[in-house]
Amino acid sequence: MQLTILGRNAPYPAPGGACSGYLIQNGQTSIMLEAGNGSFGKLCKHVDFRRLAAVVITHLHPDHCMDLHCLRHAIAGAIRDQKRTGPLALFIPKQPDEKFQQFAKYKDAFIINAIEDMPQVNIGGGTQAHRARVGRLQLEFTPNNHPLPAYAVSIEDEKGRMVFSGDTARTKQLEDLARGANLFLCEASGLDKDVDFVKKGHLTARQAGELAKAAGVKKLVITHLYPEYSINDLTIQASEGFQNAAAVAKEDAKYNVSK
Ligand SMILES: [Zn+2]
Ligand SMILES: [Zn+2]
């Protein structure tokens, strides 16, 4: 499985950049993970959107879902032009309802799969996850601590497993989900000085590192970066928390996820 970074910023893009967006590819199966502001244009640099198998949205904040409006028009147009045969599977939380409904009505483009409606499995540590499958990829979602309903997601194929934190303060569920992951893509919304600001639903870079260390992940990549912050400061604090070298998500960078 290959991960490509489409956008790494929050809550607004850096010059020329994009908010949350990631492309996951396994053979012919391509999944867009998050569709934040500016991420759709970045996606098109790496894959033909007409061939996407699914789009996965962890929560309904604009920096994670705003470009679903672009994707809807692109997919609906491709179907009309007979360049795609059917709607795209959309995995999405169904709360808050008024935000969910603005995407659920796009039946010309999306087949809605509410994350809450997926079957639940025990993933160890007493944590339950909602499970879904796209091609050869297995997806597992655990609930986050964030101001609105939000999820972290594990994506696994026959060669490895990556976990994306979504937006969250530290939780036991995320630690259980991330345990032993080959790659942990984790939000790092602040520096040490922001501890009070982020505790309502985010992680600092150091907290991302500490969580990665506790979960025993093989590789940590931090993302969801405030555009005003120095990449160097974020890297240092994440690496200190991880007690190992943390990487920083870079737009257009590709990572192979394997054991
Ligand atoms: Zn959020
Ligand atoms: Zn966010």
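Residues numbered from 1 in each chain as written. Chains lettered and ligands numbered in written order. Predicted model: local features only at pLDDT ≥ 70, side-chain atom pairs only at ≥ 80, totals over all residues. Heavy atoms only, no water.

## Here's the deal with the sheet that holds strand β1 (residues 2-7)
1) Next: With mixed pairing, seven strands are arranged side by side in an open sheet as β6-β5-β4-β3-β2-β1-β15. This sheet does not close on itself; its edge strands, each paired only once, are β6 (110-114) and β15 (254-256). Adjacent strand axes in the sheet meet at a mean angle of 20° when their direction is disregarded.
2) Next: The strands touched by helix α3 (residues 68-80) within the sheet are β3 (29-35), β4 (54-56), β5 (88-92) and β6, with β5 carrying the most contacts at an inclination of about 160°.
3) Next: Set on the sheet, helix α4 (residues 97-104) makes contact with β5 and β6; between it and β6 the angle comes to about 150°. (Pairing = 2+ DSSP bridges. Helix = DSSP H or I, 4+ residues; strand = E, 2+ residues; numbered from the N terminus. Axes fitted to C-alpha atoms, helices over the stretch in contact; angles between N-to-C directions. Contact = heavy atoms within 4.5 Å.)

## Let's talk about the pattern of salt bridges
1) Next: The tally for this structure, following the rule as stated, stands at 15 salt bridges.
2) Next: Residue Lys42 is joined to Glu251 by a salt bridge in which the shortest nitrogen-to-oxygen separation is 4.0 Å. Here the residue Lys42 occupies a position in helix α1 (residues 39-43), and Glu251 occupies one in the loop between β14 (247-248) and β15, the gap between them amounting to 209 residues.
3) Next: Across the salt bridge formed by Lys45 and Asp252, the nearest N and O atoms sit 2.9 Å from each other. Taken as a pair, Lys45 in the loop between α1 and β4 and Asp252 in the loop between β14 and β15 lie far apart in primary sequence, 207 residues in all.
4) Next: Looking at Lys45, the relative accessible area reads 52%, which means it is exposed.
5) Next: Asp252 sits in the partly exposed class, given a relative accessible area of 30%. (Salt bridge = Lys/Arg side-chain N within 4 Å of Asp/Glu carboxyl O. Buried < 20%, exposed > 50% of the residue type's maximum accessible area, 1.4 Å probe, protein only.)

## Quick look at the sheet that holds strand β10 (residues 151-156)
1) Next: Spatial strand order, β7-β8-β9-β10-β11-β12-β13-β14: eight strands in an open sheet with mixed pairing. Since the sheet does not close on itself, it has two edges, and those belong to β7 (120-122) and β14, each with one partner.
2) Next: Looking at chain direction, strand β12 (residues 183-187) and strand β13 (residues 220-223) are connected through four bridges and run parallel. The residue of β13 that forms the bridge with Phe184 is Leu220.
3) Next: Along the sheet, helix α8 (residues 231-242) makes contact with β13 and β14, crossing β13 at roughly 140°.

## Some remarks on the coordination of the zinc ion (ligand 2)
1) Next: Within the protein, the zinc ion (ligand 2) binds to Asp63 (OD), His64 (NE2), Asp167 (OD) and His224 (NE2); these donor distances fall in the range 2.0 to 2.2 Å.
2) Next: Considering all four donor atoms around the zinc ion (ligand 2), angles at the metal cover 88 to 170° and the coordination shape is irregular.
3) Next: In primary-sequence terms, the residues that donate to the zinc ion (ligand 2) follow D-H-x102-D-x56-H.
4) Next: Between the zinc ion (ligand 2) and the zinc ion (ligand 1), a spacing of 3.5 Å is present, and a bridge between the two is formed by Asp167. Note that His64 is positioned in helix α2 (residues 62-65) and Asp167 in the loop between β11 (161-164) and α5 (172-178), a separation of 103 residues in sequence. (Donors = N, O, S within 2.8 Å, 3.2 Å for Na, K, Ca; no water. Tetrahedral: all angles 85-135°; square planar, octahedral: opposite > 155°, others 65-115°.)

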